[in-house]
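A structural walkthrough
Spelled out from the first residue to the last, the chains are:
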Amino acid sequence: MPTVREARRHLAQSLLRAGSASPGLDARLLVEGSLGAANADPDTILPAAALARLVDFSARRLAGEPVWRILGEREFWGLPFRLSPATLEPRPDSETIVEAALAHLAGRRGEELALLDLGTGTGCLLIALLSELQQAHGLGIDLSEEACRTAAGNAALNGVEGRAAFQQGSWTEGLAGRFDLIVSNPPYIPSGEIATLSVEVREHDPLLALDGGADGLGPYRLLASSLPSLLAPGGVVVFEIGAGQGPDVVALMRAGGLEFSGSRNDLGGHERALIFTLA
């Protein structure tokens with residue numbers, strides 16, 4: 001039976017040969033996941049049950065399944081989020097949306113704000129915001145009923161279930177009322193580019209959350225016409241966008257009646273969040 005150190009070394013070598021970009025990190029996370037504990041003593045011998053889990057985890061990772069899908073959970077904004085086949089993995093770049101929204105609402109943190117998250121997935125954007133805006137309440141919308149169930153579970157996991165609601169729906173269809181903050185990470189990858197994505201994305205992220213139509217702008221066109229009537233005076237909209245989509249999304253929103261109020265770059269220096277207010 002291998003020790004923790006031996007298991008990590010062997011798996012890292014296998015992942016390196018398979019072309020993993022982060023073999024050491026992947027190996028550490030998978031060994032810890034198999035044990036159900038972080039920072040295990042490197043000289044600990046893996047119990048038989050943990051070794052069996054690790055064999056399964058290793059085969060799945062070598063076949064291209066992402067580490068966080070295998071483990072079933074990923075951290076976002078310092079909070080844990082459980083995944084399901086109907087949800088994207090929360091990714092660090094999307095924290096830019098939370099940062100931009102909180103910066104814009106810096107003077108309103110104590111207010112009873114109404115938040116809306118369109119295409120909520122795991123609920124990571126809404127739940128992260130509710131964790132910071134202690135008096136706010138929010139609604140998450142997703143076309144997938146499974147995603148809504150996953151998001152509701154994550155709200156409970158992170159202690160905001162009393163201020164978060166999730167419902168199945170198509171974008172803004174049937175919504176009424178006004179919201180102080182609307183956030184969305186919509187599908188924005190052009191349909192023709194899906195097949196070129198890495199195996200981790202194209203075979204494990206839900207197509208519904210990736211495919212933005214022929215030019216990747218389909219959801220933004222729909223939202224441009226519907227969001228102004230849902231935004232409260234003084235409210236703000238924050239979108240995530242893909243590479244190079246900024247000018248097109250700004251033009252669409254301006255045509256729909258929103259005013260561009262700036263952008264924010266992600267950790268890689270790429271424009272990631274676009275901010276809009278009522279014109």
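Preceding this section is the structure that the text describes.
Described in the following lines is the structure provided in the data block.

Definitions and cut-offs
Residues numbered from 1 in each chain as written. Predicted model: local features only at pLDDT ≥ 70, side-chain atom pairs only at ≥ 80, totals over all residues. Heavy atoms only, no water. Salt bridge = Lys/Arg side-chain N within 4 Å of Asp/Glu carboxyl O. Helix = DSSP H or I, 4+ residues; strand = E, 2+ residues; numbered from the N terminus. Buried < 20%, exposed > 50% of the residue type's maximum accessible area, 1.4 Å probe, protein only. Axes fitted to C-alpha atoms, helices over the stretch in contact; angles between N-to-C directions. Parallel < 35°, antiparallel > 145°, perpendicular 65-115°, else oblique. Left-handed = near helix turned anticlockwise from the far one by under 90°. Contact = heavy atoms within 4.5 Å. Nonpolar A, V, L, I, M, F, W, Y, C, P; charged D, E, K, R; others polar. Expected span 1.5 Å × (residues − 1). Pairing = 2+ DSSP bridges. Right-handed = clockwise from strand over helix to strand, strands pointing away. 1 Å grid on protein atoms, 1.4 Å probe; cavity = no way out; pocket = protein on both sides within 12 Å on 5 of 7 lines; lining within 4 Å. Points joined across faces, edges and corners; volume = space filled by probe spheres on them.

Focus on the pattern of salt bridges
Throughout the structure, instances matching the rule amount to 19 salt bridges. The salt bridge involving D43 is made with R5; its shortest N-O contact spans 2.5 Å. Placement of D43 in the loop between α2 (23–35) and α3 (48–62) and of R5 in helix α1 (residues 4–17) is noted, with a sequence separation of 38 residues between them. The exposure class assigned to R5 is partly exposed, which follows from its relative accessible area of 37%.

Some thoughts on the packing of α1 against α2
Remark: α1 packs on α2, axes separated minimally by 8 Å, with the N-to-C direction vectors making an angle of 135 degrees. By the angle class used here, α1 and α2 are oblique. Relative to α2, α1 is oriented so that their crossing is right-handed. Taken together, the residues of α2 that come into contact with α1 (itself represented by V4, A7, R8, L11, A12, L15 and L16) are P23, G24, D26, A27, R28, L30, V31 and L35. Class assignment of the residues belonging to the contact of α1 with α2 gives a composition of 11 nonpolar, 1 polar and 3 charged.

Topic: α2
With 13 residues, α2 ought to run about 18 Å at 1.5 Å a step, and its terminal C-alpha atoms sit 18 Å apart, in line with that. The inward-facing, buried residues of α2 contact α1, α3 and α4 (67–71).

Overview of the packing of α1 against α3
As a packed pair, α1 and α3 sit with axes 11 Å apart at the nearest point and diverge in direction by 20 degrees. Between α1 and α3, the interaxial angle falls into the category roughly parallel. As for the relative orientation of α1 and α3, their crossing is right-handed in sense. Where α1 approaches α3, its residues A7, L11, S14 and L15 are matched on the opposing element by L54, S58, R61 and L62. Partitioning the contact of α1 with α3 into residue classes produces 5 nonpolar, 2 polar and 1 charged.

Description of the pairing of strand β3 (residues 114–118)
Counting buried positions along β3 gives 5 out of 5 residues, so the element sits mostly inside the fold. Taken together, the 5 bridges between β3 and strand β4 (residues 137–142) define a ladder with parallel strand orientation. Note that in β4 the partner of L118 across the bridge is I141. Once the chain exits β3 it traverses helix α6 (residues 124–132) before rejoining the sheet at β4, and the crossover so formed is right-handed. Relative to strand β6 (residues 179–184), β3 is paired through 4 bridges, and the arrangement is parallel. When the sheet's bridge partners are listed, D117 is paired in β6 with V183.

Digging into the layout of surface pockets
Considering only enclosed or pocket space, the largest pocket measures out at about 840 Å³ in volume. In this structure, the largest pocket is lined by 43 residues; those nearest its centre are L88, N185, P186, P187 and A209. Elements with a contribution of two residues or more to the lining of the largest pocket: β3, α6, β4 and α9 (218–226). Among the elements that make up the lining of the largest pocket, the one with the highest residue count is α9 (3 residues). Put simply, the second largest pocket is a space of about 340 Å³.

Quick word on the environment of A106
Structurally, A106 can be placed in the loop between α5 (95–104) and β3. Taking the relative accessible area as the measure of exposure, A106 reaches 48% and is therefore partly exposed. Separated by 27 residues in the primary sequence, A106 and L133 place their C-alpha atoms 9.7 Å from one another.

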